[in-house]
Amino acid sequence: MKAKTKKSIQPKSSGKTKLLVYIDDGEYSGVALRFACTKATRSKRQVEMLYVLEPMDLVGLTGVEDVMRKERREKAEKVLKKLAFEANAFAGLTPSLIIREGLPQEQILAVLNDDQDIGALVLGESAGVKDGNKMISWLVTHARGKLRAPIIIVPGSLTEQQIIALA
């Protein structure tokens, strides 16, 4: 009688080599980024940070709008560079920076659809906020069927030790 051999299931390389982290001005964004960078370092992936500049409502004030757009972009660059520096110090990985203009929900979906190498979307969740994170709520309720990558929700209250243990 011949012994049966078990077939091992070998994962196919999906090319999903990136984690996309949505960044806003909340402290929880930094926690989500540190989690993503730790996970990426362990799995030899890249991290991209997305900051979305929401539309301004300044119809007819072209000069003012241009100045405000420039200031908002500079602020976004400053936030992203600061977080990228902190992520590098924490996990030894330097994330790529993406700044887009538009509605955050639409821009997240656009980036996910534009870059087929993104394997997961990482979102920070604010601790102690009564209504929770509006972005998470929107993605879960309105983007079903449109997402082609899983969402990783990272509690903003995680400590560095917890991030290292969980990532």
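This report concerns the structure included in the present document. Bear in mind the structure is a predicted one, so any value in this text is a computation, not a measurement. (Residues numbered from 1 in each chain as written. Predicted model: local features only at pLDDT ≥ 70, side-chain atom pairs only at ≥ 80, totals over all residues. Heavy atoms only, no water.)

A few words on the sheet that holds strand 2 (residues 46–53). Reading across the sheet, the five strands line up as 3-2-1-4-5 and stay open at both edges, with parallel pairing between neighbours. Each of the sheet's edge strands pairs with one partner strand only, and the pair in question is strand 3 (96–101) and strand 5 (151–155). Strand-to-strand, the axes of this sheet are offset by a mean angle of 25 degrees, without reference to chain direction. By the bridge criterion, six bridges tie strand 1 (residues 18–23) to strand 2 in an arrangement that is parallel. (Pairing = 2+ DSSP bridges. Helix = DSSP H or I, 4+ residues; strand = E, 2+ residues; numbered from the N terminus. Axes fitted to C-alpha atoms, helices over the stretch in contact; angles between N-to-C directions.)

With phi around 55 degrees, Lys44 is a residue other than glycine that occupies positive phi space. Summarising the element assignment, Lys44 is placed in the loop between helix 1 (27–43) and strand 2. Using a relative accessible area of 74% as the deciding quantity, one classes Lys44 as exposed. (Buried < 20%, exposed > 50% of the residue type's maximum accessible area, 1.4 Å probe, protein only.)

As a further point, take the nonpolar core. Core analysis: the largest hydrophobic core is formed by 28 residues, its most contacted members being Val21, Ile23, Leu33 and Val47. Here this core takes seven residues from helix 1, the largest share from any one element. In this structure, Val21 is in contact with Ala32, Leu33, Ala36, Val47, Glu48, Met49, Leu50 and Val122, ignoring residues within four places of it in sequence. Residues Leu20, Leu50, Ile108 and Val111 belong to the second largest nonpolar core, which totals 17 residues. (Core = buried A, V, L, I, M, F, W, Y, C linked by side-chain atoms within 4.5 Å. Contact = heavy atoms within 4.5 Å.)

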